[in-house]
Amino acid sequence: MDYPKNHKMKKIFPLIFLIICFLIIKAANNSVRLSDTNIYFNIATQIFQGKILYKDIFFSNFPFFSYVSSFYYIIIGKNIELFYFTSSVEIATITTFIFLIVYKKTKDYIISIISSLLYIFSFMVLSTSDHQTGIFTASLLAVLGFYFLKEKVILSGVFIAASFLTKAYFIPVVLSFYGYLAIKRNKEKIIKFSIGFILASLFILLPFLLLAPKEFFFDIFGFSLTRPTGLSKINILWFFITRDFLLFILLIFNLFNIGKNILFGLISIFSIVFFFAYQDIYYLYLNFLTPFLCISFYELNYFLRKNLNIQKMVIPTIIFVFILYNLFVYLSSYKDLGKLQINKITKTIIAEKPDFLYGVNDITPALISLTNI
């Protein structure tokens with residue numbers, strides 16, 4: 001009776017090892033940086049000082065990440081370095097669910113681990129997980145929505161709503177789920193999914209619709225939908241292709257494979273439409289797509305094995321080489337981007353005793369929280 005359990009533990013040991021390696025790399029390089037993370041840390045601070053989001057605090061996103069930020073603020077003991085590290089914990093959790101989803105579908109440990117590896121060591125995850133901006137919170141919620149879609153549809157709707165109300169640019173995921181259910185013509189599931197989605201949305205939004213309706217609509221729609229274009233989309237697209245070529249291949253493959261897997265195909269289609277339709281896109285935003293591309297790897301693997309008749313370990317070996325390259329590029333060129341000597345800066349400010357702090361929003365909010373000025 002003990003042998004099967006031990007056997008299973010040996011099978012998932014590579015997954016545990018990969019997650020531990022990722023967390024060690026992130027812990028070793030964890031630091032306060034020039035980042036929007038500092039805004040969210042400051043918002044959590046202000047909420048615990050009794051201020052109301054939108055009414056007292058300008059916030060151009062939907063509110064769910066303010067709840068999450070406040071929760072993290074409590075459990076980390078108001079430690080900003082640990083606040084940064086929470087994104088790495090979220091990624092470890094996402095990676096675990098990717099493994100569970102793929103294994104449930106394929107019953108193949110190797111493919112399940114490769115899918116997880118493809119996610120946790122993708123260049124996008126490595127380079128953007130040095131920050132806690134809510135993108136991985138939203139990714140985790142979206143993956144949970146996928147995980148529960150077939151058997152607990154109401155719960156799936158709850159998680160997809162929470163994901164969207166964490167980061168609105170997860171709208172392609174919302175549209176893909178609804179599109180999938182509509183194409184399947186399963187009215188019962190559409191109704192259940194909608195019930196979960198609507199109830200969760202009301203629960204999250206109602207306090208702010210009652211306390212600060214005017215400010216809520218102005219901050220989100222008045223600002224977010226009218227702000228000017230930031231980075232060049234061509235540059236972002238090229239960076240994605242060159243840094244995450246395997247993910248790009250999966251994106252294109254899912255378009256052609258839509259007949260066999262409708263949901264993955266729809267996610268790719270709506271993601272491309274969103275990329276070109278929304279004017280203010282950043283590389284970070286593409287994280288809404290990454291976990292689903294990695295989950296869909298089993299489809300590409302099956303297609304290549306069937307049509308090219310290649311050996312079982314050829315594709316995993318190619319992916320492993322790409323992963324090593326991602327790690328090399330990240331550790332050699334990106335791991336220290338934006339790092340700050342936050343303790344030194346804070347001590348200097350406290351010693352100077354200014355009445356006010358002025359500065360850019362990717363550092364000053366953290367200094368306000370840390371110095372109480």
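Data block above holds the structure.
All of the points below concern the structure found in this document. Nothing here was measured: the structure is a model prediction, and the numbers come from that model.

A cluster of nonpolar side chains, contributed by Leu 206, Leu 209, Leu 210, Leu 211, Phe 217 and Phe 221, occupies part of the molecular surface with about 560 Å² of accessible area. For the nonpolar patch, the secondary-structure elements that each account for two or more residues are α10 (187-211) and α11 (213-224). Considering each element in turn, the nonpolar patch owes the most residues, four residues, to α10. Examined against the element boundaries, Phe 217 turns out to sit in helix α11.

On to empty space enclosed by the protein. Enumeration according to the criterion identifies one cavity of 30 Å³ or more in this entry. Approximately 30 Å³ is the volume found for the largest cavity. Residue lining of the largest cavity: Lys 26, Asn 30, Tyr 84, Phe 85, Ser 87, Ser 88, Ser 129 and Asp 130, and that is the complete set. When residues of the lining of the largest cavity are assigned to their parent elements, the largest contribution, four residues, is made by helix α4 (residues 80-106). The class makeup of the residues in the lining of the largest cavity is two nonpolar, four polar and two charged.

The N-to-C vectors of helix α7 (residues 135-147) and helix α8 (residues 153-164) enclose an angle of 160°; their axes lie 8 Å apart at closest approach. Accordingly, the angle class assigned to the pair α7 and α8 is roughly antiparallel. Along this stretch, α7 crosses α8, giving a crossing that reads as left-handed. For the pair formed by α7 and α8, the contact residues are Ala 138, Leu 141, Ala 142, Leu 144 and Gly 145 on the first element and Ser 156, Phe 159, Ile 160, Ala 162 and Ser 163 on the second.

Per the stated rule, a full pass over the model turns up six salt bridges. One salt bridge in this structure joins Glu 151 and Lys 104, with 3.3 Å as the shortest N-O distance. Pair noted here: Glu 151 is in the loop between α7 and α8 and Lys 104 is in helix α4, with a separation of 47 residues, a long-range link. Here Lys 192 makes a salt bridge to Glu 188, at a shortest N to O gap of 3.1 Å. Residue Lys 192 and its partner Glu 188 are both found in helix α10; the two are separated by four residues, about one turn of the helix. For Lys 192, a relative accessible area of 34% puts it in the partly exposed group. Under the relative-accessibility criterion, Glu 188 is labelled exposed at 52%. Several salt bridges share partner residues, and in doing so they unite Lys 26, Arg 33 and Asp 130 into one network.

The α-helix winds at 3.6 residues per turn, so residues separated by three or four positions along the chain end up facing the same way. The end-to-end C-alpha distance of α10, which contains 25 residues, comes to 36 Å, matching closely the 36 Å that a straight helix rising 1.5 Å per residue would cover. Largest kink in α10: about 45°, centred on Leu 205, with the proline Pro 207 one to four residues after it. The set of residues buried in α10 consists of Phe 193, Ser 194, Gly 196, Phe 197, Ala 200, Ser 201, Ile 204, Leu 205 and Phe 208.

So, how was this worked out
Residues numbered from 1 in each chain as written. Predicted model: local features only at pLDDT ≥ 70, side-chain atom pairs only at ≥ 80, totals over all residues. Heavy atoms only, no water. Patch = residues over 30% accessible without salt bridge, like charges linked within 9 Å, V, L, I, M, F, W, Y side chains within 5 Å. Areas by Shrake-Rupley, 256 points an atom, 1.4 Å probe, with all protein chains shown as cover. Salt bridge = Lys/Arg side-chain N within 4 Å of Asp/Glu carboxyl O. Helix = DSSP H or I, 4+ residues; strand = E, 2+ residues; numbered from the N terminus. 1 Å grid on protein atoms, 1.4 Å probe; cavity = no way out; pocket = protein on both sides within 12 Å on 5 of 7 lines; lining within 4 Å. Points joined across faces, edges and corners; volume = space filled by probe spheres on them. Nonpolar A, V, L, I, M, F, W, Y, C, P; charged D, E, K, R; others polar. Axes fitted to C-alpha atoms, helices over the stretch in contact; angles between N-to-C directions. Parallel < 35°, antiparallel > 145°, perpendicular 65-115°, else oblique. Left-handed = near helix turned anticlockwise from the far one by under 90°. Contact = heavy atoms within 4.5 Å. Buried < 20%, exposed > 50% of the residue type's maximum accessible area, 1.4 Å probe, protein only. Expected span 1.5 Å × (residues − 1). Bend = angle between axes of the 7 residues up to and from the residue.

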